[in-house]
Each structure stands twice: as C-alpha cells, then as structure tokens.
Amino acid sequence: MRPERLELSGFTAFRRPTVIDFDGADMFVLVGPTGSGKSSVIDAITFALYGSVPRYDDVRLVAPVVSQGKVEAKVRFDFAVGAEQYSATRVVRRTRSGATTKEARLERRDGTGGCDVLAGTADELTAGVRDLLGLGFDEFCKCVVLPQGEFARFLHDKPNKRQDVLVGLLDLGVYGEMGVLARKQASQRETEVEFADKRLAQLAGSTDEELAVLEHRIERLADLLLLLDRTEPREAELTARGETVRQEARRAREDIEVLGTLCRPEGIDLLGERQPALRAQLDLAEEASAQAETEEATIRESLASLPERSAIEHVLQLWAGLDDVTTRLAKLREEQATSAQTAEAATAEFEAADVVGDICPVCRQTVTELPGEAEPEDLTSTRQERENAAGRRAAAERSLQVARDAATRARIELESVERRRDELIGELEGQPDRQSAKAILELRQSTEQSLREASARVAEARGRVGDLKSELGQLDGHLSAAWDDLQKLRDSVAHLRPPSLERDDIEAAYRSLLGWAATAAEEAEARLQAASEEETRVEGELDSIRRDVGKASKHAGLEPGKRTRDSRDACVRAQAEAGAARDRIESEMAEAARLVDERNVADEARAVATELGRLLGARQFEKWVVDEAMERLVGGATQILQRLTSGQYSLTLNTKAGSFSVVDHRNADEQRSARTLSGGETFLASLSLALALAEEIRALAAGGRARLESIFLDEGFGTLDSETLDVVAAAMEELGAEGTVVGLVTHVRELADRVPVRFEVRPEPEGSTVERVDA
C-alpha cells in the first residue's frame, strides 16, 4: 500500500477541508506543535482504511473523529496497491447516541476519471481493504502504523499475542483450511472406495462364462431368423392362396344357395290373361259414357234456350199480384164511400149540438157569442139544459173526428194500392200473358227433368269407366310388382350374368330365368368341388412349414407362434433381448475393470489425504511455522539493529519463555531481556522488528498475501542522541530508497530537516492546516 492523496473535512483538528498530496513523497515527515494534529493525519489514514482509530482502544468508537461543533466528518484516502489505484471514503455523522458511518465505499480508479465500486458499506470497505493488503486492523497497527504508546507493543507482547499477529500476517489459516479439505477429501475418497466395492459386488455376475452362453444363444436365434426369413414368404403366399380358395368355395356355396331360391310364383299366368279382357270392357264403357254425355249436352242446350225458371215464376207472381191489387182496389173504393157518408152524418150532428146560433131562452135572440158574466142564481133549469147541450156537442165532435180519420186512412190506402197497381202494370209490360207464362214454365220443368235423367245416365257410365280403370290399374300394379320381383331375383344373381328380361310376357321371362338358373347351379357345384380340393392341398403344405418352424423354434429356446410372422417377431425380440443382455454384460465387465482402476486410485488418494489431514491437523504445526517465521524475523531484525547500534546489540528469542532478549556484544555478549532496554534502545529494537517485518513478511506469508510497502512511525525519536539519530535517519532513507514509503511524526527538527518532504501542521482557530514543503 502506497499513499497518494488524503482529503480531510471535520476530522478531529482538521475542521476545514484539507488536502495532503503524497505524490513523490517516498519519505516524508509530519512536524508541528503538540496538539496541532500530526498524529491525526496517520489516524485519518487508518480510519479511512479500517473505520477505527488505534488510540481510541475501541474499534467501534467513531464519534471522537468528528470535530467539535461539526455534525459530520469526511475522509478520503487515495492509495495504490501494485499497479492498481484505489480510493477509500468514509463519512461519519453525529447522532443523539454518538455517531454512525453514513457513507462508506471502496473504489478502483482506472486513471481516466472512471471507477468501479468494489464496496458500498462500512463492513464491505473494511473487508475489501483486508483482502487488498493482507492485513487486518490489529496487524496494520503493529506492522505498518506504529502509533504513539504502541511503538514497542510487538517487542513486549506475550508470545500468544505475537503468534496471533504472525498467524494473521502469514495467513496460516490457509493451512487449517487445507487440513479440513484434506480430511473432507479423504472422507469423499473413502465413500468412493465403498461405492466401488458395492458396485463391484453387484457386477460379480457379469463374467466371461455368462457372455459365452449369450453368444451361443444369439447364434441359434440368428439361424432361426434365417429359416423364418426363407419360410415366411412361402407361408404368406400359401396363406393368401388358402384365403382365396376359401372365398371361392364360399362364393360357390352362396351361388348354389341363391340359385336354389329362384322359383315362379303361383297365378303368374292368370295375370297375363286377365289384362286384355279388362281393356276390351273399358273401351265399351268409354263409348257408352261418351254417348250419354252427348245426349246430356243436347238437353242442356235446349234448356239454355228457355227463359230462366226464376224469371217465368216472377212474371206469374206479377200477374197474381195484379189480380190481388185489383180486388183490393174495389174493396177500398167501397170503404171510402162508406167513410164519407159517416163523416157527413157526424158533421151534421156536431153542428146541431153547438149553442152558438141557437135562440136564447131568455131574450129569444139568436146566440152569436156566449157571455162571460156569471149566471143568475135563479137560472137552475137553464144551467142544466146548457150542460146537456155541451155534452152532446162533445160527443158529436168526437164522432166527427173519428169519421174524418177513417176517411183519411181510406183515402191514403186507396192511393197506395193504386200506385202498386200502376207499378205491376208497368212491370208486366212486354212480358208473356198469363197463359203463355204458364206454358213456358211447364216446358222448362219437363226439360229439367230430362236433363236430370241424362246426367244420371252420364254419371253411371262414368262410374263404370272408373271401376274398369281402377281394376285395370290394380292389375297393372300386380303385373308391375311381379316384374319387379322377377328383376330382384335376377339382380340377386347378377354377378353370375343371367339373361336379360323382355318385359312383354312375364310367364315366358320366368321360364327363361329358371332355365338359366339350373345350368348355373351345376357350374357352381363344379367350382365348389375344385376350391375344396385346392384348400386341402394348401393346408397340408402350411402344416408342414409350421412343423419345421416349431422344431427350429424349440431348438432356439422359443415357443413357436401360430404363424411364421409371430415366430419371427418373437425371434427378433429374443435376439434384441439377448443382444442387450450381451451388451449389458460387456458394459458391466468394462465398468468393473474401470471401477477396479478407479478404486485403486481413490484408495491411494484417500491414504494421501488422510495423512495430510493428520499432519495439518496437528496442534504444533502452526507453532512450528510461527517459530520458523520468528527465527527469520529475529535474524533480519538483528542485522538492522546491529547497523543502528554500530554492532553493539543483537536480538534473540528465548524459545522457552517466548520473549525477546538482546545480546550486548560490548559487554561480553551479555544476554538480557528486551524489557531492560532504555527508551532509546527500546525504540531502536522496535524499529528493527518493524523494518524486518517490512523486509521479510512478503517472503514469509502464504502466497505473498501481506503487502508491507509503507511504514509510519509516530514516536521515539526524541530519545535518540544525534549520532544514533543519524543512523536511524540513514536507515529510513535506505528503506525509502528500496521502495518502501516511510512516514515519520516527530518534534525533532534535526530529523525533520533531513527528510526530503516535510508537511508542516499548524493549529489555527478555524482548524489545523497542512503545508507541504519539499527540500
């Protein structure tokens, strides 16, 4: 890991955005007053990578990194690992209970401004850095960053603590994983061996002897198949021929049977004789019907020349009505005369009863008007006479009115009858007289009677014609049915080509068909005899073939089928089964040979994996590796320490106590504990171990996993004298020249002036600032 650039904002003493550019600074120093934030720069690098600060003694504690009065701290650290460039960014925000990491990401930069995000959470970022550097947080703080108060930690740690550090640095866990995998592989190989043994037991029946038996059976089946292939066409031919002759025999029997059913029905000769007689009778009946129809037409013409019955009867009714009207008219005239006389008498009586015009009994004057005054009281007799006169007058008036009404009615009726008489006379004008009308009516009645009689004769003649036609139609129907029956008989034997029918004499047609049927029956009998003889011959040959096939089938171990085709199908199936069984045995024999080889390989691999698992699982293996690493580490640290102390001190490891000791070569190679060293000597010894780790860890780690390309020292230089300081400075310069980035934090101006890149850290009210100064 080589630093390239660091951005700070709101982080501890750096309240304002601050950028530190490490480009070209293979060796640099951070200088400034106490509390200015020099160590915070190293803390920021560690926090960006791992999310923790070594000085807080709690990897989960992040709240103190946020500057006082700020709510958020942001750190971005750009660094390189080999040829790849990366950026680690963390943003911490204050909360009510402390602080939390709001944002965290690890990016791989492509050098053109683009990047790939490798991690997006705090935990993913920490894990990604651990994979990139091969170091966890603790290992990084002991081997790369030596913070204040922790510089001599690795030197004075207990053996188990140092072993944990080296196990992490050397990635010795891989050997434990190898042991687990080896034991797992041993178990798998054991399972493979067991499976192979079980399968070999299952394949024990697949032997050369069993294969030879199957080969022999396959040969017999092949011979049988050849026989069946030769026999099957002849059997098929004979079977077809047998079916053909059986059909011929069946058709012959059917022909004999149907020919035997042909016969002439009874009464067929009478049908032919009856038809001519009926036709002669029908001709006579039709002539009589035509004559009757002619007579009827003549009478009908005569009747048509006479007036209609209704017209003649109407004329006679008019004459009768005229007689009635004449008689009524005479009677009405008499009644009119009588009514006139009665009216005259009533008029006279009425006039006689009227007082006006009479002589008044008092004055004896003619009364012209009745007075309106009241009568005198002494005129009683006169009053009685007056009342009697009034009654007579009223009766006379009623009689007069009755007489007048009767006269009026008589006059009206007379006028009506006279009008009717005139109407009748008008209607009779131009009509025959009474006697002529009666004569015409009598003539029409006699003509109508003649027409009815003629019509009866026509109906009778037509009925006779209809009866004869019906009878003849029935006879024709019987003959047609008889011809149809004969045609059906012929059609039933049409396949035998009977003679055609002439539809003129049905009896002769029957004789012709029955004569032909007798001859055809004799021919069918001959065909039946020939077909039966051929069928017997075919069945004999088929039986011979089946016996040969049955014998060969049994020899091949098969039951013969009803047909050669059945036997052949069974042979093909048996041949396929035997071939499949042979292939199976050959396959199983090959599988058994392969399994034996695979079992041996698996058993050998099982033995190797078992032994490797046992060795890697031993408790002392890890300690042995760590001891080997410590031995190399001590050797490298001794070389560095001797150079730093001008050959006075060497480092050694007390294997029993597990602690470091120093050998004082200027004091008779006295060996004493590293804890007895002074502060400056402790710094030199710790520095030697740190530099040895940087030199040796790449070769010691499994697969070169750990990458210690930078080292940051944060204390101890104030305890060195000027001469030793020169040696340490020279050692740092030499380490930087070899490609390791060296970062120092010191108050010693003499040392700072010797470093080519100096970062001046200055405290200010708004937050510390950093200025780069290149020598």
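What you see is a predicted model, and the numbers here were worked out from it, not measured in a lab.

Draft legend 1. Representation of the overall build of the chain. Per the secondary structure count, the chain includes 17 helices and 15 strands. Pairs at least 24 apart in sequence give 69% of the contacts found in the chain among residues at least 6 apart.

Draft legend 2. Fine view of the packing of helix H11 (residues 434-492) against helix H12 (residues 506-555). For the pair H11 and H12, interaxial distance at closest approach is 11 Å and the crossing angle is 15°. With respect to H12, the axis of H11 lies roughly parallel. Once H11 is placed against H12, the crossing between them reads as left-handed. For the pair formed by H11 and H12, the contact residues are Leu479, Ala482, Trp483, Asp485, Leu486, Leu489 and Arg490 on the first element and Ile506, Ala509, Tyr510 and Leu513 on the second. Of the residues in the contact of H11 with H12, the class split is 9 nonpolar, no polar and 2 charged.

Draft legend 3. Examining the confidence of the model for the chain more closely. With 88% of its residues at a pLDDT of 70 or more, the chain shows a mean pLDDT of 81. Predicted confidence in the chain is weakest over helix H5 (residues 159-170), with a mean pLDDT of 64, and strongest over strand S2 (residues 18-21), with 95.

Draft legend 4. Molecular detail of empty space enclosed by the protein. If you walk through the whole model with that rule in mind, you get 2 cavities of 30 Å³ or more. For the second largest cavity, the calculated volume is near 30 Å³. Along the walls of the second largest cavity sit Leu641, Thr645, Tyr649, Val662, Leu677, Glu681, Leu684 and Ala685, which together make up its complete lining. Tallying contributions element by element places helix H15 (residues 679-700) first for the lining of the second largest cavity, with 3 residues.

Draft legend 5. Seen up close, the side chain of arginine 758. Residue position: arginine 758 is located in strand S14 (residues 757-762). With a relative accessible area of 16%, arginine 758 lands in the buried category. A distance of 2.5 Å separates a polar atom in the side chain of arginine 758 from a polar atom in the side chain of glutamate 760. When sequence neighbours within four positions are dropped, the list of residues in contact with arginine 758 reads Val29, Val31, Arg749, Ala752, Asp753, Glu771, Arg772 and Val773.

Draft legend 6. Highlighting the sheet that holds strand S5 (residues 84-95). Spatially, 6 strands are ordered S2-S1-S4-S5-S6-S7 in an open sheet, and the strand pairing comes out antiparallel. In this open sheet, the two strands that pair with only one neighbour each are S2 and strand S7 (115-119). Adjacent strand axes in the sheet meet at a mean angle of 20° when their direction is disregarded. Along the sheet, helix H2 (residues 122-133) makes contact with strand S4 (72-81), S5, strand S6 (98-109) and S7, crossing S6 at roughly 45°.

Draft legend 7. The side chain of glutamate 232, seen in detail. With respect to the secondary-structure elements, glutamate 232 resides in helix H7 (residues 208-260). By relative accessible area, which is 14% here, glutamate 232 ends up buried. Other than its neighbours up to four places away in sequence, glutamate 232 contacts Thr564, Arg565 and Arg568.

Draft legend 8. Spotlight on the packing of aromatic side chains. By the definition in use, this model includes 9 aromatic pairs. Ring centres 5.8 Å apart and planes at 50° place the aromatic pair phenylalanine 11 and phenylalanine 47 in the tilted group. Residue phenylalanine 11 is found in the loop between strand S1 (2-9) and S2, and its partner phenylalanine 47 is found in helix H1 (residues 38-50); the two are separated by 36 residues along the sequence. Just as phenylalanine 11 is buried, phenylalanine 47 falls in that class too. Through a chain of ring-to-ring contacts, three or more aromatic side chains come together here, namely Phe22, Phe28, Phe712 and Phe759.

Draft legend 9. A look at unusual backbone geometry. Even without being a glycine, arginine 497 presents a positive backbone phi close to 60°. Take arginine 497: it is sitting in the loop between H11 and H12.

Draft legend 10. Summary view of the sheet that holds strand S10 (residues 659-664). Taking strand neighbours across the sheet as the criterion, the 3 strands line up as S9-S10-S11 in an open arrangement whose pairing is antiparallel. The outermost strands of the open sheet, each flanked by one partner alone, are strand S9 (649-654) and strand S11 (670-673). Sheet twist, expressed as the mean angle between neighbouring strand axes with direction ignored, is 35°. Across 4 bridges, S10 lies against S11 in antiparallel orientation. For valine 662, the partnering residue across the bridge sits in S11 and is arginine 672.

Draft legend 11. Just the nonpolar core, in detail. In this structure, Leu6, Phe28, Leu49, Phe79, Leu133 and Phe140 are the most contacted members of the largest nonpolar core, which totals 50 residues. Broken down by element, this core gets its largest block of residues, 8 residues, from H1. Counting residues in hydrophobic clusters, the runner-up holds 42 residues, among them Leu651, Ala674, Leu689 and Leu720.

Draft legend 12. Up close: helix H16 (residues 722-737). Its 16 residues give H16 an end-to-end C-alpha distance of 22 Å, which sits within 8% of 22 Å, the value for a rise of 1.5 Å per residue. Residues of H16 that are buried include every one of Thr724, Leu725, Val728, Ala729, Ala731, Met732, Leu735 and Gly736, and no others. What you see down the axis of H16 is that its buried residues fit within an arc of 160°, all on one side. Among the exposed residues of H16, those oriented more than 90 degrees off its buried face are Glu723 and Ala737.

Draft legend 13. Region of interest: the pairing of S5. Note that S4 and S5 share 10 bridges and pair antiparallel. Residue pairing across strands places lysine 74 opposite valine 91, the latter belonging to S5. Hairpin connection of S4 to S5: 2 residues between the antiparallel strands, including glycine 82 at a positive phi of 65°. In the sheet, S5 pairs with S6 via 11 bridges, with the strands oriented antiparallel. By the bridge assignment, glutamine 85 is partnered in S6 with arginine 109. Where S5 folds back onto S6 in an antiparallel hairpin, the turn is made up of 2 residues.

Draft legend 14. Representation of the pattern of salt bridges in the model. All chains considered together, the criterion is met by 45 salt bridges. Among the salt bridges present, the one from glutamate 293 reaches arginine 462, with a minimum N-O distance of 2.8 Å. One end of the pair, glutamate 293, is in helix H8 (residues 268-305); the other, arginine 462, is in helix H11, with 169 residues separating them in the sequence. For the salt bridge of aspartate 543 with arginine 546, the shortest nitrogen-to-oxygen distance reads 3.6 Å. In this pair, aspartate 543 and arginine 546 both sit in helix H12, 3 residues apart, roughly one turn of the helix.

Draft legend 15. Layout of the environment of alanine 407. Along the chain, the position of alanine 407 falls in helix H10 (residues 380-427). A residue is classified by how much of its surface remains accessible, and alanine 407, at 23% relative accessible area, is partly exposed. As for alanine 407 and alanine 343, which are separated by 64 residues in sequence, their C-alpha atoms are 7.4 Å apart.

Draft legend 16. Quick peek at the environment of methionine 27. One can find methionine 27 in strand S3 (residues 27-31). Taking the C-alpha atoms as reference points, methionine 27 and leucine 735, 708 residues apart in sequence, are found 9.0 Å from one another. Apart from residues no more than four positions distant in its own chain, methionine 27 is found in contact with Ala729, Met732, Glu733, Val742, Leu744, Val755, Pro756 and Val757.

Draft legend 17. Region of interest: the pairing of S9. Two strands pair when backbone bridges link them, and S9 and S10 are joined in this way by 6 bridges, in the antiparallel orientation. Paired with threonine 652 across the bridge in S10 is serine 661. Following S9, the chain reverses through 4 residues before pairing antiparallel with S10; glycine 658 in that reversal takes a positive phi of roughly 75°.

Conventions used here
- Residues numbered from 1 in each chain as written.
- Predicted model: local features only at pLDDT ≥ 70, side-chain atom pairs only at ≥ 80, totals over all residues.
- Heavy atoms only, no water.
- Helix = DSSP H or I, 4+ residues; strand = E, 2+ residues; numbered from the N terminus.
- Contact = heavy atoms within 4.5 Å.
- Axes fitted to C-alpha atoms, helices over the stretch in contact; angles between N-to-C directions.
- Parallel < 35°, antiparallel > 145°, perpendicular 65-115°, else oblique.
- Left-handed = near helix turned anticlockwise from the far one by under 90°.
- Nonpolar A, V, L, I, M, F, W, Y, C, P; charged D, E, K, R; others polar.
- pLDDT = per-residue confidence, 0-100.
- 1 Å grid on protein atoms, 1.4 Å probe; cavity = no way out; pocket = protein on both sides within 12 Å on 5 of 7 lines; lining within 4 Å.
- Points joined across faces, edges and corners; volume = space filled by probe spheres on them.
- Buried < 20%, exposed > 50% of the residue type's maximum accessible area, 1.4 Å probe, protein only.
- Polar contact = N/O pair within 3.5 Å; in protein donor to acceptor, adjacent residues only side chain to side chain.
- Pairing = 2+ DSSP bridges.
- Phe/Tyr/Trp six-rings, centres within 6.5 Å; stacked < 30°, edge-to-face > 60°.
- Core = buried A, V, L, I, M, F, W, Y, C linked by side-chain atoms within 4.5 Å.
- Expected span 1.5 Å × (residues − 1).
- Arc of directions from axis to C-beta.
- Salt bridge = Lys/Arg side-chain N within 4 Å of Asp/Glu carboxyl O.

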